[in-house]
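Reading the structure
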Amino acid sequence: MYLEIVSPEKVLLSAEVNSVTVPGVEGEFQMLNNHAPIVSVLEKGFVKVDGNFEIPKNLKAEVTKAQDGKWHFPIKGGVLEMNNNKAIVLAD
C-alpha cells in the first residue's frame, strides 16, 4: 500500500509500505494492503510503519527505528484516510 504522512510543515513520508499502525482515539490499529476504506481521528502517539524505504536525512532526528524494525513517527494527533490502497495521515 502507499502511505503519505503529512504535517503542516512538510511531508514526512511518501512511500510504498507493508503495514502502518496508528493511534486511533479508541485504540491502536493496523492496516495492511487492501484494507477496507476508513476515516479515523488520531490521538497523540506514534505512527508505526513497516516497509523497505529510505528515511530522508533531514528527518532522521525526528523518527526512530524500533527493535522490531518499524519506523516510529511521533504525532500529536491528526486524521487518517485509507482508500484504494492509499493511506494518508494528516498529522499535527
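Conventions adopted
The residue count restarts for each chain, going from 1 along the sequence in the order it is written. Under the rules for a predicted model, residues below a pLDDT of 70 receive no local features and side-chain atom pairs below 80 are neither given nor counted, while totals for whole chains, interfaces and linings still include all residues. Only heavy atoms go into the side-chain values, all of them from the structure, while hydrogens and water stay out. Take a side-chain nitrogen of Lys or Arg and a carboxyl oxygen of Asp or Glu: if they are within 4 Å of each other, that pair is a salt bridge. Numbering of helices and strands runs from the N terminus, with a helix taken as a DSSP run of H or I at least four residues long and a strand as a DSSP run of E at least two residues long. For every residue, the accessible area (1.4 Å probe, protein chains only) is compared with the maximum for its type, and the residue is labelled buried under 20%, exposed over 50%, or partly exposed between those bounds. For this analysis, residues touch if any pair of their heavy atoms sits within 4.5 Å. As used here, the term nonpolar core means buried Ala, Val, Leu, Ile, Met, Phe, Trp, Tyr and Cys residues forming a set that is joined through side-chain atoms within 4.5 Å. Throughout, the protein atoms alone are placed on a 1 Å grid, and a set of points is a cavity if a 1.4 Å probe fits but cannot get out or a pocket if it is open with protein on both sides within 12 Å along at least five of seven lines; lining residues have an atom within 4 Å of a point. Grid points are joined across faces, edges and corners, and a volume is the space filled by probe spheres set on the points. As a working rule, the residues Ala, Val, Leu, Ile, Met, Phe, Trp, Tyr, Cys and Pro are called nonpolar, Asp, Glu, Lys and Arg charged, and the rest polar, with Gly in that last group. At least two bridges found by DSSP between two strands is the condition for calling them paired.

A look at the pattern of salt bridges
The final tally for this structure, using the stated rule, is three salt bridges. Note that Glu4 is salt-bridged to Lys86, the shortest N-O span being 3.8 Å. Taken as a pair, Glu4 in strand 1 (residues 2–6) and Lys86 in strand 8 (residues 86–91) lie far apart in primary sequence, 82 residues in all. By relative accessible area, which is 33% here, Lys86 ends up partly exposed.

Description of the side chain of Ser40
With respect to the secondary-structure elements, Ser40 resides in strand 5 (residues 38–50). In this structure Ser40 comes out as buried when scored by relative accessible area, which is 14%. With sequence-adjacent residues up to four places away left out, Ser40 is seen in contact with Gly24, Phe29, Gly78, Val79 and Leu80.

Some remarks on the nonpolar core
Core analysis: the biggest nonpolar cluster contains 25 residues, and Leu3, Ile5, Leu13, Val47, Val49 and Phe73 have the highest contact counts within it. Only strand 1, strand 2 (11–16), strand 3 (19–24), strand 5, strand 7 (71–83) and strand 8 provide two or more residues apiece to this core. Per-element tally for this core: the top contributor is strand 7, with five residues.

Quick word on the layout of surface pockets
Empty pockets left among the atoms are what a rolling probe the size of a water molecule brings to light. Computed from the structure, the largest pocket encloses a volume of approximately 200 Å³. Leu12, Glu62, Pro74, Ile75 and Asp92 are the residues nearest the centre of the largest pocket, which is lined by 15 residues in total. Residue contributions to the lining of the largest pocket peak at four residues, all from strand 7. By residue class, the composition of the lining of the largest pocket is seven nonpolar, two polar and six charged.

A short note on the pairing of strand 2
One ladder, built from five bridges, connects strand 1 with strand 2; its direction is antiparallel. The residue bridging Ile5 from the neighbouring strand is Leu13, located in strand 2. Count of turn residues in the strand 1/strand 2 antiparallel hairpin: four residues.

Topic: unusual backbone geometry
Positive phi outside glycine occurs at Asn84, with the angle close to 50°. With respect to the helices, strands and loops of the structure, Asn84 is situated in the loop between strand 7 and strand 8. Overall, Asn84 belongs to the exposed group, its relative accessible area being 71%. For Asn85, which is not glycine, the phi dihedral falls at a positive 65°. As for its placement among the helices and strands, Asn85 is situated in the loop between strand 7 and strand 8. Judged by relative accessible area, which is 26%, Asn85 ranks as partly exposed.

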